Amino acid sequence: MKRIALIFLSTLMILTGLTACATPNSNTTPSREASQAAYDLLSGSLNQPISLHIDYWRDKEIADLSTAISGVGEQTQVDLGAMESVTYTFTTEDAVRVHFSALLKIAEGTLLNPILKIEVNGEVPFREALTVDIPIQWRDLTKDFALDSYGDESLPNQLADLDYRNVPLYNNTYSTVEPLSFAFNAGVNTVKITNISSDPVSLRGLNAIQPWSYPTYASVKPAIDPAGEFEQRIDAINYSGKNSSFVRMSSYASASVAPFDPVDKRLNIIAGVSWKKSGQALDYEIDVPADGYYHLSVHYMNEKSDFAVFRSVAIDGEIPFREVAAYAFPMTGTGKWAIETLRDENGDPYYFKLEKGKHTLSLRAESAPLQESLGSLQLLIDHINQFALDIRKITGKDIDRNRTWKLTNFLPETAGYLEAYEILIETILAETSVYAPNGMGSSTLSYLQKALYKIRQMRENPDELPLYLDDLYSQTGSVTEMIGNSLTGLADQSMSLDEIAIGNKKTTMVAEAGFIESVQAGVISFVSSFTSK
């Protein structure tokens, strides 16, 4: 009986421990002041402080440039080879905020986007200015796809645009919907552009332009909802251009997409695994029969685990209103397609005002709504790596686990750092959970929850942190690994695209094929697998 009782008590203790470990964190949302103080503490204590675009503009208040001005350069045209520079001068009466647009072209044979460095008045104002992206504009050689020996469609060759283009200047992570903002002083300002890539770039000028601003939808919406009988449906593979050669068409074996063949592979979607980086854009030509208001519907698949992805919508190069600067497309689930008619929080569709004729519709992957959180995650990784090295200098390579550690005697800031880690993770969870159907219980945020749990355990006795250093840093399952996984997962903007519809009536697109159609396609595909071509 004693043995049975011991087994029962042991089992009960194990189950109790597992239950305690499985209990979700009791999360609180720190105040804005507390979050900013934690961020400032960590960023200010880095050996190499990081100045981000968002930090640079956080407390800076200057007027926007009201009229575009052209930079004065030494030459009308300059060809920049690797590590070569050109300087332009601008004169303004007052201190102003500006965006830049460069008239440039790439060299024939360039395959990867050139990268530029921007210095204003002799300084790089923020980290993003070190890596300014020049996207190459691509188009397909043909839309008549060749067939391989199996009768499957093959991807066409891609052609790069080698003409001069006006290119707004973004960082290569496209952390903002609008181009990077720079500050000019009153008087003469210099802007130095350095080509830090191996491929040459030709410039014909640099313009300082008025910073972008968007009206709210409420200020541009029609007085009454338009009604009509027009709808133009565009297959996603029929794009007119794209700014990344990595965005590609793919064959998806489902009757829910078109074109579809149960036997042969047909290129029929834009693959989400290729359209996942912020800044990647697709252009489509639309043609409306009359001046008026039209809504936009998208047949898409977002397989991201319990989290939205973001796309901006531009018409003829301009975002028409703020609500579509980074529109959130909800999760659809693995292998499931959905129809999303762009709409407000009440479910009412957004209407786009278009003049009769042809327009260019652009859809671009965005991560701007998550940028503060992504920046904080990177700060956490950088600071924990530095802090762990400081601890290693005290403990040595092999930590004495039999010693009673008093880490705060050597690093009195330990408790403050751990508290700042906790506050920042809580803040990130609060800010990102609004884009997840299950809130803080989202599986995309699960790594952050685990990291928060470990940080809270470490805070209970900061003096003994050396004994848990592997849980904090570098090892499998460590806090830094889980934060890194969260950073990658949140930045991923994968979305597969099948079709787009612009119209003034309810869309005729269907989210999923019917049961009979799906079964029929499955039977044909199964039977064909036993035949040879």
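Structure shown above.
Quantities reported herein were computed from a predicted structural model and do not represent experimental measurements.

(A) Summary view of the overall build of the chain. Tallying secondary structure elements over the chain gives 11 helices and 26 strands in all. Each of the three principal axes of the chain carries a C-alpha extent, and together these read 80 × 75 × 55 Å. Considering the chain as a whole, with its 533 residues, one finds that 48% of them fall into the buried category. The contacts of the chain with a sequence gap of at least 6 include a subset with a gap of at least 24, amounting to 80%. With the model as given, the accessible surface of the chain reaches about 26,400 Å², and the carbon-plus-sulfur share is 52%. Between the averaged position of the 44 positive side-chain charges in the chain and that of its 67 negative side-chain charges there is a distance of 5 Å.

(B) Representation of the pairing of strand S15 (residues 231-235) in the model. S15 sits mainly inside the fold: four of its five residues count as buried. Of the strand pairs in this sheet, S15 and strand S26 (residues 496-503) are connected by five bridges, and their pairing is antiparallel. Across the sheet, residue Arg-233 finds its bridge partner in S26, namely Ala-501.

(C) The nonpolar core, seen in detail. Judged by nonpolar contacts, the single largest core of 46 residues is most densely connected at Tyr-421, Ile-425, Leu-472 and Ile-483. Elements represented by at least two residues in this core include exactly helix H2 (32-44), helix H5 (371-395), helix H7 (414-432), helix H8 (446-460), helix H9 (469-472) and helix H10 (479-491). Ile-483 has contacts with Leu-377, Leu-380, Ile-381, Ile-384, Ile-425 and Ala-451, leaving out every residue within four places of it along the chain. Judged by nonpolar contacts, the second largest core, of 45 residues, contains Tyr-239, Tyr-284, Leu-296 and Phe-321.

(D) How the structure looks around the environment of Asn-172. With respect to the helices and strands, the residue Asn-172 is situated in the loop between strand S11 (170-171) and strand S12 (182-184). Separated by 264 residues in sequence, Asn-172 and Ala-436 place their C-alpha atoms 26 Å apart. Apart from the residues lying within four places of it in its own chain, the contact partners of Asn-172 are Ile-115, Thr-131 and Asp-133. Only 3.4 Å separates the side chain of Asn-172 from the side chain of Asn-171, close enough to count as a polar contact.

(E) Spatial organisation of the side chain of Glu-128. Among the structural elements, Glu-128 can be located in the loop between strand S6 (115-120) and strand S7 (132-133). We note that Glu-128 is buried and unpaired, the nearest opposite charge coming from Arg-127 at a distance of 5.7 Å. The contacts of Glu-128, once residues within four sequence positions are left out, are Ser-51, Leu-52, His-53, Asn-171, Ser-175 and Leu-180.

(F) Structural context of the layout of surface pockets. Empty space within the second largest pocket amounts to approximately 580 Å³. Around the second largest pocket sit 24 residues that line it, and Pro-168, Asn-243, Ala-281, Ser-362 and Arg-364 are the ones nearest its centre. Residues belonging to the lining of the second largest pocket are distributed by class as follows: 11 nonpolar, eight polar and five charged.

(G) Expanded view of the pattern of salt bridges. For the structure on display, the rule yields 18 salt bridges. For Glu-431, the salt bridge is made with Arg-32, and the minimal N-O distance between the two is 3.2 Å. Here Arg-32 lies in helix H2 and Glu-431 lies in helix H7, a separation of 399 residues in the sequence. By relative accessible area, which is 27% here, Glu-431 ends up partly exposed.

(H) Inspection of the side chain of Asn-195 at higher detail. Within the secondary structure, Asn-195 is located in strand S13 (residues 187-195). One polar contact links Asn-195 to Ser-197, side chain to side chain, over a distance of 2.7 Å. Setting aside residues no more than four positions away along its own chain, Asn-195 makes contact with Leu-80, Gly-81, Ala-82, Met-83, Glu-84, Ile-115, Leu-116, Pro-200 and Val-201.

(I) Here's a closer look at a nonpolar patch on the surface. On the surface, a nonpolar cluster with roughly 450 Å² of combined accessible area is contributed by Phe-515, Ile-516, Val-519 and Val-523. You can see Ile-516 is positioned in helix H11 (residues 515-528).

(J) Layout of the sheet that holds S13. One open sheet accounts for five strands, arranged S4-S13-S6-S7-S11; its pairing is antiparallel. The open sheet has two edge strands, strand S4 (85-92) and S11, and neither has a second partner. Pairing geometry for S6 and S13, over five bridges, is antiparallel. Its bridge partner being in S13, Leu-116 is matched across the sheet by Asn-195.

(K) Layout of H10. Taking 1.5 Å per residue as the helical rise, H10 with its 13 residues ought to reach 18 Å, and the 18 Å between its terminal C-alpha atoms agrees with that figure. Inspection of H10 places Val-479, Thr-480, Met-482, Ile-483, Gly-484, Ser-486, Leu-487 and Leu-490 among the buried residues, and these make up the whole buried set. Close packing links the buried residues of H10 with H5, H7, H8 and H9.

Rules used throughout
- Residues numbered from 1 in each chain as written.
- Predicted model: local features only at pLDDT ≥ 70, side-chain atom pairs only at ≥ 80, totals over all residues.
- Heavy atoms only, no water.
- Helix = DSSP H or I, 4+ residues; strand = E, 2+ residues; numbered from the N terminus.
- Buried < 20%, exposed > 50% of the residue type's maximum accessible area, 1.4 Å probe, protein only.
- Contact = heavy atoms within 4.5 Å.
- Areas by Shrake-Rupley, 256 points an atom, 1.4 Å probe, with all protein chains shown as cover.
- Lys, Arg positive; Asp, Glu negative; His and termini not counted.
- Charge placed at Lys NZ, Arg CZ, Asp CG, Glu CD.
- Pairing = 2+ DSSP bridges.
- Core = buried A, V, L, I, M, F, W, Y, C linked by side-chain atoms within 4.5 Å.
- Polar contact = N/O pair within 3.5 Å; in protein donor to acceptor, adjacent residues only side chain to side chain.
- Salt bridge = Lys/Arg side-chain N within 4 Å of Asp/Glu carboxyl O.
- 1 Å grid on protein atoms, 1.4 Å probe; cavity = no way out; pocket = protein on both sides within 12 Å on 5 of 7 lines; lining within 4 Å.
- Points joined across faces, edges and corners; volume = space filled by probe spheres on them.
- Nonpolar A, V, L, I, M, F, W, Y, C, P; charged D, E, K, R; others polar.
- Patch = residues over 30% accessible without salt bridge, like charges linked within 9 Å, V, L, I, M, F, W, Y side chains within 5 Å.
- Expected span 1.5 Å × (residues − 1).

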